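# Structure at a glance
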Amino acid sequence: MGYIWVSAESCSQQELFQLTELFKTDRDMQIILSCVPPAAGELRSAAETRVAELLVRLSIKPNLKGYHYLKTSARICMKDKEELNGITKRLYPSVARKYGTTADSVEHAIRHAILKAWDKGNVEVQKAVFGYCREDGKRPTNAEFIMHLLEYVEKMNMPLCS
């Protein structure tokens, strides 16, 4: 079961339409509607919010370190897609510095999150985002996962820069 947190203060008509479409395809989806604007320190860009929502739809649980590392990786790659070309030399070390850990730990946590989600996630969502699913006997690498995540956000008419 997925869930989406929505702030009524910042929801556009386009976003309401996208939510309506999402509910048509995912009957188990729950919505949490907030009428209280978030505190100034809690504001995130719309693209970051959409990436976080997509990670949850892909069954990556927010309690996993890999979830947070994937969100940070996506944020970094939104600014510079070249980071994906040097994932082990550039991206993982950047994420590791932010969290005070090692690049190897970041890589492992992301891989672990993807493995768990891939084995238990919704195959329809996997197919929509990646073009294939676990039933096809394929699993994306960390770099492919991040790349497809960003491409899907762009493809769904969700601009990456807010």
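Residues numbered from 1 in each chain as written. Predicted model: local features only at pLDDT ≥ 70, side-chain atom pairs only at ≥ 80, totals over all residues. Heavy atoms only, no water.

## As for the overall build of the protein
Each helix and strand counted, the protein has 7 helices and 2 strands in total. Written out in order from the N terminus, the α and β elements of the protein read β-α-β-α-α-α-α-α-α. A buried classification covers 42% of the 162 residues belonging to the protein. Partitioning the contacts of the protein with sequence separation of at least 6, the portion at a separation of at least 24 is 60%. Accessible area of the protein: about 9300 Å², with a carbon and sulfur share of 53%. (Helix = DSSP H or I, 4+ residues; strand = E, 2+ residues; numbered from the N terminus. Buried < 20%, exposed > 50% of the residue type's maximum accessible area, 1.4 Å probe, protein only. Contact = heavy atoms within 4.5 Å. Areas by Shrake-Rupley, 256 points an atom, 1.4 Å probe, with all protein chains shown as cover.)

## A word on the packing of helix H6 (residues 123-130) against helix H7 (residues 142-155)
Packing of H6 against H7 leaves a shortest axis separation of 8 Å and a crossing angle of 85°. With respect to their mutual orientation, H6 and H7 come out roughly perpendicular. Residue-level inspection shows Ala128, Val129 and Phe130 of H6 in contact with H7, the latter providing Glu144, Phe145, His148, Tyr152 and Lys155. Of the residues assigned to the contact of H6 with H7, the class counts are 5 nonpolar, 1 polar and 2 charged. (Axes fitted to C-alpha atoms, helices over the stretch in contact; angles between N-to-C directions. Parallel < 35°, antiparallel > 145°, perpendicular 65-115°, else oblique. Nonpolar A, V, L, I, M, F, W, Y, C, P; charged D, E, K, R; others polar.)

## What to know about the packing of aromatic side chains
Within this structure, the stated rule accounts for 5 aromatic pairs. Pairing Trp118 with Phe130 gives two aromatic rings, centres 5.2 Å apart and planes at 75°, and the pair type is edge-to-face. Of this pair, Trp118 sits in helix H5 (residues 103-120) while Phe130 sits in helix H6, and the two are 12 residues apart along the sequence. The pair Trp118 / Phe130 is uniform in exposure class, with both members buried. Between the aromatic rings of Phe130 and Tyr132, the centroid separation amounts to 6.2 Å while the plane-to-plane angle is 45°, which identifies the pairing as tilted. The burial state of Phe130 is the same as that of Tyr132; both residues are buried. One aromatic cluster in this structure is built from Trp118, Phe130, Tyr132 and Phe145. Sitting over the face of the ring of Tyr99, Lys98 holds its NZ or CZ atom 5.3 Å from the ring centroid. Above the plane of the ring of Tyr132 lies Lys138, whose end atom (NZ or CZ) is 5.1 Å from the centre. (Phe/Tyr/Trp six-rings, centres within 6.5 Å; stacked < 30°, edge-to-face > 60°. Lys NZ or Arg CZ within 6 Å of the ring centre and 35° of its normal.)

## Things to note about unusual backbone geometry
Phi at Ser59 takes a positive value of approximately 70°, unusual for a residue other than glycine. Checked against the element boundaries, Ser59 lands in the loop between helix H2 (46-57) and helix H3 (65-79). Relative accessible area serves as the criterion here: at 23%, Ser59 is assigned to the partly exposed category.

## Digging into the nonpolar core
One recurring pattern in soluble globular proteins is that nonpolar side chains are buried together. By size, the foremost hydrophobic cluster in this structure holds 38 residues, and its most contacted members are Leu55, Leu58, Ile60, Phe145 and Ile146. Listed by contribution, the elements that provide at least two residues to this core are H2, H3, helix H4 (87-99), H5, H6 and H7. Among the elements that line this core, the one with the most residues is H5, at 7 residues. (Core = buried A, V, L, I, M, F, W, Y, C linked by side-chain atoms within 4.5 Å.)

## Points about H2
A rise of 1.5 Å per residue sets the reference length of H2, with its 12 residues, at 16 Å; its end C-alpha atoms lie 16 Å apart and thus fit the reference within 8%. Burial analysis of H2 places 10 of its 12 residues in the buried class, the great majority of the element. Turning to H2, its buried residues number three or more, namely Ala47, Glu48, Thr49, Arg50, Val51, Ala52, Leu54, Leu55, Val56 and Arg57. (Expected span 1.5 Å × (residues − 1).)

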